[in-house]
Amino acid sequence: MGDQVVGGQVMAGGLVRPFGPLVRLTARGVLGRRRTLLMALAAAVPVVVSAFWMLTGQSGDPDVFATQVLDPWVITTVLPLVALVLGTSVLGSEIEDGTIVFLLAKPVPRWIVVAAKTVVAALASAVLVTVSTLLCWVVGLGPAAASGEVVGIAAGVAFGAVLYSCIAVALSAVTGRALIVGLVYVFLWEGTLAGLLAGTRLFSVRQYVLGIAGVTSEIDRPLGGTLDAPTALLLGLAVIAISLAIAIVRLRGYEVAERT
Amino acid sequence: MTAPSPAAGPPPVPASALPPALEAVHVARWYGNVVAVNDVSFDVGPGVTGLLGPNGAGKTTVLHMLAGLLRPSSGEVRVEGRAAWHNAAMYRRIGLLPERDTGYFFMTGFQFVRLSAQLEGLGDPDAAARRALATVALEDAADRALGGYSRGMRQRARLAAALVHDPPILLLDEPFNGLDPRQRLEMTDLLHAMAAEGRVILFSSHILEEVERLADRVLVMVAGRLAASGGFRDIRRLMTDRPHTFTVRSSDDRALAAALLRDGLVLGAQLDGGALEVRAADYGAFTRVVARVAQATGATLFEIRPTDESLESVFSYLVAQ
């Protein structure tokens with residue numbers, strides 16, 4: 001699309017041109033805030049636990065380490081926490097402080113706003129939890145860390161971060177209590193119901209993480225994983241599509257709340 | 001502040017062939033059981049139009065509907081003939097200054113305005129941002145973070161962001177908030193200059209004097225309804241010609257009251273706790289002759305104070321008309 005002149009101003013062509021500025025804006029807004037530092041500290045906790053594991057002479061078996069350290073500290077706790085906090089903040093904080101009006105009163109398609117916000121949240125979350133996973137692996141297993149099992153686990157965790165982030169962005173477009181709703185989903189649905197009702201596992205990000213992790217490791221079965229990698233990938237992609245669609249539709253119908 | 005250079009737009013179309021720039025047709029907006037705006041109709045053309053009303057009158061709701069940020073519960077809101085709701089393309093034609101003092105405080109003024117230019121899709125966002133910052137006289141502070149700005153400076157930065165794409169229509173929600181007297185004068189001059197270029201400017205205010213200084217036309221809103229609309233002089237006359245209540249203190253309130261009633265200068269008088277309260281039919285006539293009447297009766301005037309000059313009472317009177 002070429003440039004055109006509108007009202008005396010040269011307009012740059014390209015529908016997605018605002019994507020870059022929106023990504024940079026979101027990155028600066030999120031990464032510079034205290035909550036991101038807190039999430040980085042949260043992601044460091046499993047590394048400390050791994051160091052303790054190694055120093056106390058626990059098992060050097062990668063599968064044992066994965067099920068006893070990585071699962072409870074990274075997959076179950078830090079992964080959803082980090083992704084939900086960052087995911088709900090990228091759009092939710094703008095809605096909360098009113099700056100969203102600045103973005104919505106521009107000729108920018110809503111899907112670009114959602115995409116830019118989601119990309120930042122997903123990348124930031126994925127980097128934090130993947131680095132945490134890899135460091136845990138190296139610190140906790142020492143020489144045994146050379147086994148390739150961590151590749152699938154790290155890929156699963158990164159995929160999970162993207163999924164939780166997408167869900168969080170969608171939730172923040174729907175409700176002002178997105179973080180609470182997200183945490184309830186994680187700890188009630190994934191933590192409790194999925195253990196009781198087999199059918200709920202189809203709609204569990206944790207199951208998708210374990211499904212991907214199972215490609216290179218044996219941790220998925222002992223941890224209750226029931227999906228193979230292709231199914232997990234497919235269902236995960238569906239979650240991304242549905243979450244983004246919800247966020248876009250909600251933002252298209254978004255109305256400012258102030259009234260005077 | 002200086003006016004931006006005139007835009008070189010498309011060939012002119014006869015004004016009569018164009019729909020009104022801003023139009024509300026029997027618009028209502030409610031939140032649950034609360035009616036914020038009730039059956040409001042108006043249209044706005046080139047020049048400065050003031051949306052006047054006390055807090056809670058529904059001014060911001062009207063501006064948000066015009067800006068496509070709120071869907072009318074009933075009726076239609078149009079910008080240049082097209083529905084404002086779900087009309088992303090109109091943001092190339094309008095600039096919005098929201099009332100809320102918010103922004104990306106970690107950005108410098110220049111970065112903030114340039115972001116606005118980038119989101120508008122301008123070909124040279126840096127030049128557009130510099131131009132807009134110069135328009136609001138903020139070049140010197142362009143490289144400072146918004147978080148370190150005074151409220152008035154932030155207001156001007158947000159105005160620059162709204163102006164950066166040189167829009168023909170401006171929606172300004174309480175634009176004078178946070179400005180000091182000098183900045184208010186500059187803002188008034190700027191808006192006058194932009195209106196002279198043929199722009200459509202609709203701004204809200206709850207301060208009569210601001211609207212008086214700036215607006216050619218006034219829409220008065222009270223309790224969600226359009227109480228009056230027209231030229232400022234007509235509205236002002238409506239406000240001035242209404243019955244006024246004064247509290248008068250003198251050395252002989254009783255004699256003064258009798259004289260005022262006898263001369264027909266007041267509609268009623270009441271002695272109340274050491275003061276005289278009178279209801280004058282004509283504000284101007286009463287204030288011109290009350291001193292003379294007091295002198296004729298031998299009473300010394302200590303105080304004359306209008307008692308119902310709040311905007312709310314003025315607006316209530318207009319609604320009753």
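1. So, the overall build of chain A
When helices and strands are counted, chain A shows nine helices and two strands. Walking chain A from its N terminus toward its C terminus, one meets helices and strands in the order β-β-α-α-α-α-α-α-α-α-α. For a compact globule of 260 residues, the expected C-alpha radius of gyration is about 18 Å, and chain A comes in at 20 Å, within 12% of that figure. The principal-axis extent of the C-alpha atoms belonging to chain A is close to 70 × 40 × 35 Å. Out of the 260 residues belonging to chain A, those deemed buried represent 47%. In chain A, once contacts between residues fewer than 6 apart in sequence are set aside, the share between residues at least 24 apart is 78%.

2. With respect to the confidence of the model for chain A
In the predicted model, chain A carries a mean pLDDT of 87, and the fraction of residues at 70 or more is 92%. Ranking the elements of chain A by mean pLDDT puts strand S1 (residues 4–6) of chain A last, at 52, and helix H9 (residues 229–252) of chain A first, at 96.

3. Here's the deal with the domain arrangement of chain B
Where interface size is given, it is often the accessible area lost as the parts come together that is meant. As far as domains go, chain B holds domain 1 (15–230) and domain 2 (242–320). A separation of 41 Å is found between the C-alpha centroids of domain 1 of chain B and domain 2 of chain B.

4. Topic: the pairing of strand S1 (residues 22–31) of chain B
Residues and elements named next belong to chain B. Of the strand pairs in this sheet, S1 and strand S2 (residues 34–44) are connected by seven bridges, and their pairing is antiparallel. Across the sheet, residue Tyr31 finds its bridge partner in S2, namely Val34. Linking S1 back to S2 in an antiparallel pair, the connection comprises two residues, with Gly32 at a positive phi of about 60°. Of the strand pairs in this sheet, S1 and strand S4 (residues 74–79) are connected by five bridges, and their pairing is antiparallel. Looking at S4, one finds that Ala24 is bridged to Val77.

5. Overview of the environment of Gln118(B)
Note on placement: Gln118(B) falls in helix H2 (residues 109–119). Separated by 11 residues in the primary sequence, Gln118(B) and Ala129(B) place their C-alpha atoms 9.4 Å from one another.

6. Re the confidence of the model for chain B
Overall, the prediction assigns chain B a mean pLDDT of 87, with 88% of residues at 70 or greater. Throughout residues 5–10 of chain B the model reports pLDDT below 50, and contacts reaching past four residues in sequence, or to other chains, amount to seven contacts.

7. Observations regarding the nonpolar core
Val82(A), Val113(B) and Ala160(B) are the most contacted members of the largest nonpolar core, which totals 153 residues. Once you skip the residues sitting within four places of it in the chain, Ala160(B) turns out to touch Val113(B), Ala132(B), Leu133(B), Thr135(B), Val136(B) and Leu138(B). Counting residues in hydrophobic clusters, the runner-up holds 15 residues, among them Ala257(B), Ala269(B), Val290(B) and Ala294(B).

8. A short note on the environment of Gly121(B)
Take Gly121(B): it is sitting in the loop between H2 and helix H3 (125–135). With 24 C-beta atoms counted inside 10 Å, the residue Gly121(B) sits in the buried group.

9. Re unusual backbone geometry
Residues and elements named next belong to chain B. The phi dihedral of Asp39 is positive, around 50°, even though this residue is not glycine. Relative to the elements of secondary structure, Asp39 occurs in strand S2. Looking at Asp39, the number of C-beta atoms within 10 Å reads 15, which means it is partly exposed. You will see that Glu174, though not glycine, has its phi angle at about 50°, which is positive. Structurally, Glu174 is set in the loop between strand S7 (169–173) and helix H5 (181–196).

Conventions adopted
Residues numbered from 1 in each chain as written. Chains lettered and ligands numbered in written order. Predicted model: local features only at pLDDT ≥ 70, side-chain atom pairs only at ≥ 80, totals over all residues. Helix = DSSP H or I, 4+ residues; strand = E, 2+ residues; numbered from the N terminus. Rg over C-alpha atoms; globule rule 2.2 N^0.38 Å. Buried ≥ 20, exposed ≤ 12 C-beta atoms within 10 Å, placed from the backbone. Contact = placed C-beta atoms within 7 Å. pLDDT = per-residue confidence, 0-100. Domains from an automatic or database assignment. Pairing = 2+ DSSP bridges. Core = buried A, V, L, I, M, F, W, Y, C linked by C-beta atoms within 7 Å.

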